[in-house]
Amino acid sequence: MSRLLVCPPDHYRIAYEINPWMHLEGQADPTVARVQWDALTAILEKECRATLERMVPVAGLPDLVFTANGGAVMGRTAVLSRFRHPERRPEEPHFERWFREQGYQVEHLPEGIFFEGAGDFLGFEDVWFGGYRQRTDLRAYQVVGAFVGRRILPVELVDPRFYHLDTCFCPLPGGELIWFPPAFDRYGQAVIMDWVEGPRRIAVPEEEAVRFACNAVCVGRHVVLPEGCPVTMERLESFGYTPHAVGLSEFIKSGGAAKCLTLALD
Amino acid sequence: MVYETVVLHGHIIDSLLLPKVLDVILQSGGTFELADIRIGKTREEPSFARIVVRADPPDRLARIIAELQSHGATVEKEADCRWLPAPADGVFPEEFYATTNLPTEVRLRGRWVPVAGIEMDLGVRIDPGEHGAMTVPMAEVRTGDRIVVGREGVRVAPLERPAQLDVFGFMESQVSSERPHGHTIAGVARRMEALRDGGGKVLFAGGPAIIHGGGRESLAWLIESGFIHVLFCGNALAVHDMEAHLYGTSLGFSLTGGPGSRHGHEHHLRTINRIRAIGSIEEAVRSGVITTGVMAACVRRQVTVVMAGTIRDDGPLPGVITDSVQAQAAMRAALPGVGLALLVASTLHAVATGNLLPASVPTVCVDISPASPIKLADRGSLQAIGLVMDAASFLRELARELGWKE
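Thresholds, definitions, all that
- Residues numbered from 1 in each chain as written.
- Chains lettered and ligands numbered in written order.
- Predicted model: local features only at pLDDT ≥ 70, side-chain atom pairs only at ≥ 80, totals over all residues.
- Helix = DSSP H or I, 4+ residues; strand = E, 2+ residues; numbered from the N terminus.
- Buried ≥ 20, exposed ≤ 12 C-beta atoms within 10 Å, placed from the backbone.
- Contact = placed C-beta atoms within 7 Å.
- Pairing = 2+ DSSP bridges.
- Axes fitted to C-alpha atoms, helices over the stretch in contact; angles between N-to-C directions.
- Expected span 1.5 Å × (residues − 1).
- Arc of directions from axis to C-beta.
- pLDDT = per-residue confidence, 0-100.
- Nonpolar A, V, L, I, M, F, W, Y, C, P; charged D, E, K, R; others polar.
- Parallel < 35°, antiparallel > 145°, perpendicular 65-115°, else oblique.
- Core = buried A, V, L, I, M, F, W, Y, C linked by C-beta atoms within 7 Å.
- Left-handed = near helix turned anticlockwise from the far one by under 90°.
- Right-handed = clockwise from strand over helix to strand, strands pointing away.

## A word on the overall build of chain B
So, point 1. A tally of regular secondary structure across chain B gives 13 helices and 20 strands.
So, point 2. By the burial criterion, 42% of the 406 residues in chain B qualify as buried.
So, point 3. Considering only contacts in chain B between residues 6 or more positions apart, those separated by 24 or more positions represent 66%.

Structure representation (structure tokens):
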């Protein structure tokens, strides 16, 4: 049974610009955002049979909806994020309180090292990847690796549109990978290709990458991704997954979609 | 060239981070040296690399370091060096830092300061204002001198390859009697020409086998022609050189052929006595008693001569320093400006000179037995090129290479 942390979009809006997607003049519609978020959570609960834990939204913290960035959870350990942008730092105590209340062992990074949680830290059974340069500092992975006892291979993110690893890289439970190769430098591409053999890699076309095809949530054989990504959907089906398209336009205006709106707890 | 040491750890091999960082250094116009690398033995075990990054000018290095930091490299933690007062005259504090012959810096109040007078096996003394540091031999340390202890805040630079790729471009201490010598000797000659024309100094340390073996004329020619500026030797080289002038023998044997001279074994004693009576080698040359050979050439060309005595010396000649600590100090004082050292046919003087030379001075050790250059290398003079050959043949070939006509 998959457990995911979500946060209702009661206070969601575009309040600042900290990535190329955010524009104050391209404001998200709160009603549409609410409908889209309800649709996403309904699919996750009803179709995918995931258990959702709901955080209490906080006024003044519009991006608290993007729970993937609050930390990384591995077993009963939660490594708390330290956001690069000061705009998101006030979210940290709220995530920390939630983890503590749920009984997680909370780990902090040393002062001065940024880490943006599951947004930049994703993996397979035997190997984990850490995106760096745009948000998370590479040095964070030396610390996180020790906390969670996993091997983490850092990969540099080179395209500002794909500023978190989860915007261009989505490992699937069967060992396949949805990814957008140009978001990585040639070293990162080589490392990823070394770990995931050719037939198991689903390289999404650019027009779907910018619709956040890679920002998908996997629950068992179900994959929930933003609408408008038919090529990715077809490839997922060919691997025996059940893709679910959901409209998430209002969240994409902030640079996030299905994956960003959830944090895997198990 | 300025440098900084950075460390990388984590899964730097399988994430290709190490090759990437090295590529970044090269593409940004720097160079690197992998000072230390430890590769994790299991998949979970992280690896570690310590990288010395060099670049000029300093702001380019700073840009490279900033770029490397974004790839997870951290600048090695630096601390000032530690010092303790010398507890007594001639005694270093326990755990004193013992020097190598490589360029060395110490960190004083946050600044890296080069250590002056680099020489192996000494201590490092910090000036009272903590602005400078220089090497100090054990015998010369005075109570209360600030002597560097431990290794923290001390860094040693490996030798940089010279831009000019002559025979010294690939300095190596391999010693073999089975390598052709011609190319090396020609390379030495070219350097001697360059040093003479550029005002640099050539140091020659030699033993009496040069005289016995027939190298006297060629060595004297090299000195007369201005190719040698400092001579280190013992009593014997000078004695037999002047014996050759006065008697035509070396240790009693005629240099031109024939059997041993009658009472020839006395020649060198009579030579010593003669010079002692005159008062000095300089005076013997000036007064016309000695007019040919190595010592005469040295006096005429005002070569700096340091003669160091040993316990088996006869006489000795006036000018031979019989206190070995004083002899060391006199040799040390003659080193500034030396750009090439030729250590020929004397294990004792070769090793003594090798100990005093910084590794940056190209050094050639010539001996009929490989033991001498091997000993030199084993004692840390890794820059020395060994030539296993007869001293006189070496000198004749070198002199011919520089224009000597027999």
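## Some details on the overall build of chain A
So, point 1. Across its full length, chain A carries 7 helices and 15 strands.
So, point 2. Residues classed as buried in chain A amount to 49% of the 266 residues present.
So, point 3. In chain A, the proportion of contacts linking residues at least 24 apart, taken out of those at least 6 apart, comes to 68%.

## What to know about the sheet that holds strand 14 (residues 242-246) of chain A
All names here are of chain A.
So, point 1. Ordered in space as 12-13-14, the 3 strands form an open sheet in which the pairing is mixed. Of all the strands in the sheet, just strand 12 (217-219) and strand 14 have a single pairing partner and so form its edges. Pairwise comparison of adjacent strand axes, ignoring direction, gives a mean angle of 20° for this sheet.
So, point 2. Pairing of strand 13 (residues 222-226) with strand 14, which is carried by 5 bridges, proceeds in the parallel orientation. Considered in strand 14, the bridge of V223 is made with P243.

## Details of helix 3 (residues 182-198) of chain B
One turn of the α-helix equals 3.6 residues, which is why residues spaced by three or four share an orientation.
Residue and element names in this part refer to chain B.
So, point 1. Taking 1.5 Å per residue as the helical rise, helix 3 with its 17 residues ought to reach 24 Å, and the 24 Å between its terminal C-alpha atoms agrees with that figure.
So, point 2. Taken residue by residue, helix 3 has T184, I185, V188, R191 and M192 as its buried positions. Buried residues in helix 3, looked at end-on, bunch into an arc of 120°, giving them a common side. Exposed and facing more than 90 degrees away from the buried side of helix 3 are G182, H183, D197 and G198.
So, point 3. One or two steps after helix 3, the chain reaches G199, where phi turns positive at roughly 80°.

## Re the pairing of strand 8 (residues 123-126) of chain B
Residue and element names in this part refer to chain B.
So, point 1. Residues G123 and R125 point to one face of strand 8 and V124 and I126 to the other, with burial holding for every one of them.
So, point 2. Pairing of strand 8 with strand 9 (residues 133-136), which is carried by 4 bridges, proceeds in the antiparallel orientation. Across the sheet, the residue bridging to I126 is A133, located in strand 9.
So, point 3. Here 2 bridges tie strand 8 to strand 10 (residues 146-149), and the two strands are oriented antiparallel to one another. Considered in strand 10, the bridge of I126 is made with R146.

## Here's the deal with the confidence of the model for chain A
So, point 1. Chain-level pLDDT for chain A is 95 on average; 100% of the residues reach the 70-or-more range.
So, point 2. The weakest mean pLDDT in chain A belongs to helix 3 (residues 138-148) of chain A at 89; the strongest belongs to strand 9 (residues 169-171) of chain A at 98.

## Topic: the interface of chain B and chain A
So, point 1. If you look at the interface, chain B gives 14 residues, while chain A gives 13 residues.
So, point 2. Within the residue set of the side of chain B that touches chain A, elements represented by two or more residues are strand 1 (2-10) and helix 1 (17-27) of chain B.
So, point 3. Looking at side-chain class alone, the side of chain B that touches chain A contains 2 nonpolar, 8 polar and 4 charged residues.

## Some details on the environment of L342 of chain B
So, point 1. Mapped onto the secondary structure, L342 of chain B falls in strand 18 (residues 338-344).
So, point 2. Setting aside its immediate chain neighbours within four residues, L342 of chain B contacts V202, F204 and V364 of chain B.

## Looking at the packing of helix 6 (residues 235-247) of chain B against helix 7 (residues 267-278) of chain B
Residues and elements named next belong to chain B.
So, point 1. For the pair helix 6 and helix 7, the least separation of the axes is 9 Å and the interaxial angle reads 95°. With respect to helix 7, the element helix 6 is oriented roughly perpendicular. Counted together, V239, H240, M242, E243, L246 and Y247 of helix 6 and H267, H268, T271, I272, R274 and I275 of helix 7 form the full contact between these two elements.

## Some thoughts on the nonpolar core
So, point 1. Core analysis: the largest hydrophobic core is formed by 100 residues, its most contacted members being C214 and A216 of chain A.
So, point 2. The greatest single-element share of this core, amounting to 5 residues, is contributed by helix 3 of chain A.
So, point 3. Dropping the residues within four chain positions of it, A216 of chain A is found in contact with C170, I178, V223, V224, L225, A258 and K259 of chain A.
So, point 4. Listed in part, the 74 residues of the second largest apolar core include A284, V294, A327 and M331 of chain B.

## Regarding the packing of helix 11 (residues 347-356) of chain B against helix 12 (residues 371-378) of chain B
Residue and element names in this part refer to chain B.
So, point 1. Two numbers describe how helix 11 lies on helix 12: the axes approach to 10 Å, and their chain directions differ by 20°. Considered as vectors, helix 11 and helix 12 are oriented roughly parallel to each other. Note that helix 11 runs across helix 12; the crossing there is right-handed. Note on element contacts: helix 12 touches helix 11 through A371, S372, K375 and L376, opposite T347, A350, V351 and G354.
So, point 2. In terms of residue class, the contact of helix 11 with helix 12 is built from 4 nonpolar, 3 polar and 1 charged.

## Comments concerning the sheet that holds strand 15 (residues 263-264) of chain A
All names here are of chain A.
So, point 1. Judged by pairing direction, the sheet is mixed, and its 3 strands sit side by side in the order 2-1-15 without closing on themselves. The open sheet has two free edges, formed respectively by strand 2 (51-54) and strand 15, since each of these has just one partner strand.
So, point 2. Pairing between strand 1 (residues 3-6) and strand 2: 4 bridges, direction parallel. Its bridge partner being in strand 2, V6 is matched across the sheet by R54.

## Here's the deal with unusual backbone geometry
Residue and element names in this part refer to chain B.
So, point 1. Note that the residue after D56, namely P57, is joined by a cis bond; omega there is -10°.
So, point 2. Secondary-structure assignment places P57 in the loop between strand 3 (47-55) and helix 2 (58-70).
So, point 3. The step from G315 to P316 runs through a cis peptide bond, and the omega angle for that step is -5°.
So, point 4. Its location among the elements puts P316 in the loop between strand 16 (304-308) and strand 17 (320-321).

## Digging into the environment of T143 of chain B
Residues and elements named next belong to chain B.
So, point 1. Residue placement: T143 occurs in the loop between strand 9 and strand 10.
So, point 2. Judged by local crowding, T143 falls into the exposed class, with 11 C-beta atoms found within 10 Å.
So, point 3. Every residue in contact with T143, bar those within four places of it in the chain, is listed here: A86, A88 and D89.

## A word on the confidence of the model for chain B
Detailed reading of predicted coordinates is not advised where the pLDDT is low.
So, point 1. Overall, the prediction assigns chain B a mean pLDDT of 90, with 95% of residues at 70 or greater.
So, point 2. Across the interfaces of the predicted complex, the ipTM metric reaches 0.85, alongside a pTM of 0.59.

## Observations concerning the pairing of strand 20 (residues 384-388) of chain B
Residue and element names in this part refer to chain B.
So, point 1. Among the 5 residues that make up strand 20, 5 are buried, leaving the element largely enclosed by the rest of the structure.
So, point 2. Judged by which residues are buried, strand 20 turns out to be covered on both faces: A384, G386 and V388 on one side and I385 and L387 on the other are all buried.
So, point 3. Across 5 bridges, the pairing between strand 19 (residues 363-367) and strand 20 is parallel. Looking at the pairing, V364 lines up with I385 of strand 20.
So, point 4. The parallel pair strand 19 and strand 20, bridged by helix 12, forms a crossover whose chirality is right-handed.

## Quick word on the environment of I211 of chain B
Residues and elements named next belong to chain B.
So, point 1. Within the secondary structure, I211 is located in helix 4 (residues 209-212).
So, point 2. For I211, a count of 29 C-beta atoms within 10 Å translates into the label buried.
So, point 3. C-alpha separation for the pair I211 and E243, spaced 32 residues apart in sequence, amounts to 9.8 Å.
So, point 4. Apart from the residues lying within four places of it in its own chain, the contact partners of I211 are R216, L237, H240, D241, A244 and S250.

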